[in-house]
Amino acid sequence: MKKEYLLEDKERNADTLSAGSTENAPVIRITNSLLKRAVNAEASDIHLEPFKDFAIIRMRVDGILNEINQIPSNVYKSLCTRIKIMANMDIATKLVPLDGKITENIDGRDYDFRVSSLPTMYGEKLVIRVLYKAQRFINLDSLGFTSDKVILLRSILKLSHGMIIVAGPTGSGKSTTLYALLNEIDCKSKNIITIEDPIEYNMHRINQVNVNNKAGLTFSNGLRSILRQDPDILMVGEIRDEETAQIAVRASITGHLVITTIHTSGATASISRLIDMGIPSYLVADSLVVVLAQRLVRKLCNYCKVQYEVIHDEFQHLGLNVGEKTYSALGCTKCNNTGYKGRTVIYELLKLDSNHKSIIARSGISDELWEYCNKKKFSSFMESCRESVLKGITSIEEFQNSTYSYNFK
């Protein structure tokens, strides 16, 4: 069975999409339809992948890539050219990777689409990241944190100095958490400046700086300039190198509240990463206030989830006992028969007290630190995910996938 194009039935006309067609309108409609479909599905990425005789279009929704179409190679070439033109990319350059950006109004709202091209054997592969500028879900209460953790984070945001790190792999919702934290701060009485790559959400009354490596505006250079702008709070989109780490750490010690992200697997791994970057352990201990490591798991569809009682001991390694009530995914038209709709955060939160700081300054990441963390019973991934399962927010299957994917302990 042939897969359908993205156009509506009345717009599907193979003749107008043939290689010999000189009319641009069909390709324009395909592109607009593709972007609109991604927004309506709340997709995070669109993948356009060329092969010998056809190209595949996939969308990542709730963290899962799903194939939605196959289109002929000649149609793909026209589609690829159209997207590159919209993103202000050089259509004549096909042998090196390129980056671009599209701003499009869909159903009355502006959306940004970040485009990346990559030369492959059969043509350019395009990935389009969808950036939702409408500030969706940008508050702590809606992200999935428990009420006591929200209260804790709000209290920390009142500090005048220190560093808050949000850790996790790509696609774990770190940027969204950063924006949620910024939204909790009184912008009228604070000078808040961010440096990001790219700016994903437009924030009211916050000075946002976009990294521009080609122009020499890197994280480290930008951060130096920002420190001369009398900031109260700095948001650094990501600590990628030793120089940025050193500037951010020293800024947090000298009277600024610094909020940033780092690519690590857990809270203690973030501390280890800073030390590995050449930051002395005593400075790491002095600067850090909270490390929040997070992942995203799919939420069960509220319209079709069904109750399930644990009847075997096969889930004891997840902390789920026989007789406990959970929920399973069923599938309906509301969730496109997946059983899931949207995602929520699972996390571990480490708030450093004087003993944490003393251990880190003395011995960095050590067994002593692990023992003290366990003694203090800090919030772990396992605990967070188990709680979400018992509340019917996510399923045991998502819990298992999370443990396999990230080796939670």
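Here we summarise the structure given alongside this text. (Residues numbered from 1 in each chain as written. Predicted model: local features only at pLDDT ≥ 70, side-chain atom pairs only at ≥ 80, totals over all residues. Heavy atoms only, no water.)

This brings us to the overall build of the protein chain. For the protein chain, the count of helices and strands is twelve helices and 15 strands. With the principal axes as the frame, the protein chain shows a C-alpha extent of 70 × 60 × 40 Å. By the burial criterion, 48% of the 409 residues in the protein chain qualify as buried. Counting only contacts in the protein chain whose residues sit at least 6 apart along the sequence, the fraction spanning at least 24 positions is 62%. For the protein chain, the computed accessible surface area is about 20200 Å², with 47% contributed by carbon and sulfur atoms. If the 51 positive side-chain charges of the protein chain are averaged to one point and the 47 negative ones to another, these points end up 2 Å apart. (Helix = DSSP H or I, 4+ residues; strand = E, 2+ residues; numbered from the N terminus. Buried < 20%, exposed > 50% of the residue type's maximum accessible area, 1.4 Å probe, protein only. Contact = heavy atoms within 4.5 Å. Areas by Shrake-Rupley, 256 points an atom, 1.4 Å probe, with all protein chains shown as cover. Lys, Arg positive; Asp, Glu negative; His and termini not counted. Charge placed at Lys NZ, Arg CZ, Asp CG, Glu CD.)

Taken as a whole and assessed by the stated rule, the structure comprises four aromatic pairs. Taken together, a centroid distance of 5.8 Å and an interplanar angle of 90° make the contact between Y111 and Y132 edge-to-face. With Y111 in strand β5 (residues 109–120) and Y132 in the loop between β6 (123–131) and α3 (147–156), this pair connects stretches of sequence that are 21 residues apart. This pair shows no difference in class: Y111 is buried, exactly as Y132 is. One cation-aromatic arrangement involves K305 over Y327; the distance from NZ or CZ to the ring centre is 5.0 Å. Positioned above the aromatic ring of Y303, the side-chain terminus of K334 is 5.0 Å from the ring centre. (Phe/Tyr/Trp six-rings, centres within 6.5 Å; stacked < 30°, edge-to-face > 60°. Lys NZ or Arg CZ within 6 Å of the ring centre and 35° of its normal.)

Moving on, we get to helix α4 (residues 174–183). Within α4, seven of the ten residues are buried, which leaves the element mostly enclosed by the surrounding structure. Within α4 the residues assigned to the buried category are K174, T177, L178, Y179, A180, L181 and L182.

Positionally, K84 belongs in helix α2 (residues 73–86). In this structure K84 comes out as buried when scored by relative accessible area, which is 1%. Residues contacting K84, with those up to four places away along its chain left out, are M89, D90, I91, T93, K94, L98 and E124.

What follows is about a nonpolar patch on the surface. Nonpolar side chains collect at one region of the surface, where F51, F54, M121 and Y122 lie side by side and expose about 430 Å² of accessible area between them. Here M121 lies in the loop between β5 and β6. (Patch = residues over 30% accessible without salt bridge, like charges linked within 9 Å, V, L, I, M, F, W, Y side chains within 5 Å. Salt bridge = Lys/Arg side-chain N within 4 Å of Asp/Glu carboxyl O.)

This part covers the side chain of S73. The topology assignment puts S73 in helix α2. Side-chain polar atoms of S73 contact the backbone oxygen of K52, separated by 3.5 Å. Side-chain polar atoms of S73 contact the backbone nitrogen of F54, separated by 3.2 Å. Among residues more than four places away in sequence, those in contact with S73 are F51, K52, D53 and F54. (Polar contact = N/O pair within 3.5 Å; in protein donor to acceptor, adjacent residues only side chain to side chain.)

The subject of this paragraph is the packing of helix α9 (residues 354–363) against helix α10 (residues 367–376). At their nearest, the axes of α9 and α10 sit 10 Å apart, and the two run at 170° to each other. By the angle between their axes, α9 is roughly antiparallel relative to α10. Where α9 approaches α10, its residues N355, H356, I359, I360, R362 and S363 are matched on the opposing element by E368, L369, Y372, C373 and K376. Class assignment for the residues of the contact of α9 with α10 results in five nonpolar, three polar and three charged. (Axes fitted to C-alpha atoms, helices over the stretch in contact; angles between N-to-C directions. Parallel < 35°, antiparallel > 145°, perpendicular 65-115°, else oblique. Nonpolar A, V, L, I, M, F, W, Y, C, P; charged D, E, K, R; others polar.)

Function cannot be read off these values alone, since they describe shape.
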